[in-house]
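Structural characterization, general
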Amino acid sequence: MSRERITIGGCPKCKSDLLTCQHNHFQNDELEIHSWEHKCPDCGFRQTEAFRSDDEDEPFDPVAASQCPFCGRQAND
């Protein structure tokens, strides 16, 4: 599993410069998971979204899954 966290600042709740964007990527045989989290250590604001290749309700698009749904940054893996 790869994990990458960067500080992006600009918390939508408290405007803190410490807001982070974290990307986790897991791939094993047929299963692929991309998860994204925005989190502020100052006020506790948190947003999460995950994309799974085995999700029967949503079609999996690996290009879209490798881009943060909150800030748009591309994964580096």
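Before any of the text, the structure's been laid out above.
First, a word on what this report is: a plain description of the structure on this page. (Residues numbered from 1 in each chain as written. Predicted model: local features only at pLDDT ≥ 70, side-chain atom pairs only at ≥ 80, totals over all residues. Heavy atoms only, no water.)

**Structural notes on the overall build of the protein chain**
For clarity, the cut-off: A run of DSSP states H or I qualifies as a helix once it reaches four residues; a run of E qualifies as a strand once it reaches two. Both are numbered from the N-terminal end. For every residue, the accessible area obtained with a 1.4 Å probe (protein chains only) is divided by the maximum for its type, and the residue is called buried under 20%, exposed over 50%, and partly exposed between those limits. Should any heavy atoms of two residues lie within 4.5 Å, those residues are counted as being in contact. In this description, accessible areas are obtained by the Shrake-Rupley approach with a 1.4 Å probe, and a residue is regarded as covered only by the protein chains that are shown. Neither His nor the chain ends is counted toward charge; the positive residues are Lys and Arg and the negative residues Asp and Glu. The atom standing in for a charge is NZ when the residue is Lys, CZ when it is Arg, CG when it is Asp and CD when it is Glu.
When helices and strands are counted, the protein chain shows one helix and four strands. Ordered by position in the sequence, the α and β elements of the protein chain form the string β-β-β-β-α. Overall, the protein chain is about 40 × 25 × 15 Å in size when its C-alpha atoms are taken along their principal axes. A burial count over the protein chain gives 31% of its 77 residues as buried. Within the protein chain, contacts between residues separated by at least 24 positions form 33% of all contacts whose residues are at least 6 apart in sequence. Put simply, the protein chain shows about 5,100 Å² of open surface, and 44% of that area lies on carbon and sulfur atoms. Each charge sign in the protein chain was given a centre, from 8 positive and 15 negative side chains, and these centres are 13 Å apart.

**Considerations on the pattern of salt bridges**
The test is simple: Throughout this description, the term salt bridge denotes a Lys or Arg side-chain nitrogen within 4 Å of a carboxyl oxygen of Asp or Glu.
Tallying each qualifying case throughout the model produces three salt bridges. For the salt bridge of E4 with R73, the shortest nitrogen-to-oxygen distance reads 3.5 Å. Of this pair, E4 sits in strand β1 (residues 2-7) while R73 sits in the segment after α1 (62-65); the two residues are 69 residues apart in sequence, bridging distant segments of the chain. Among the ionic pairs, E37 bridges to R46, the shortest N-O distance being 2.6 Å. The buried category is assigned to E37, whose relative accessible area is 14%.

**Some details on a negative patch on the surface**
Threshold: A patch is a set of surface residues, each over 30% in relative accessible area and not in a salt bridge, joined within 9 Å for like charges and within 5 Å for the nonpolar side chains Val, Leu, Ile, Met, Phe, Trp and Tyr.
On the surface, E49, D55, E56, D57 and E58 cluster together into a negatively charged patch. Structurally, the position occupied by E56 is in the loop between β4 (46-52) and α1.

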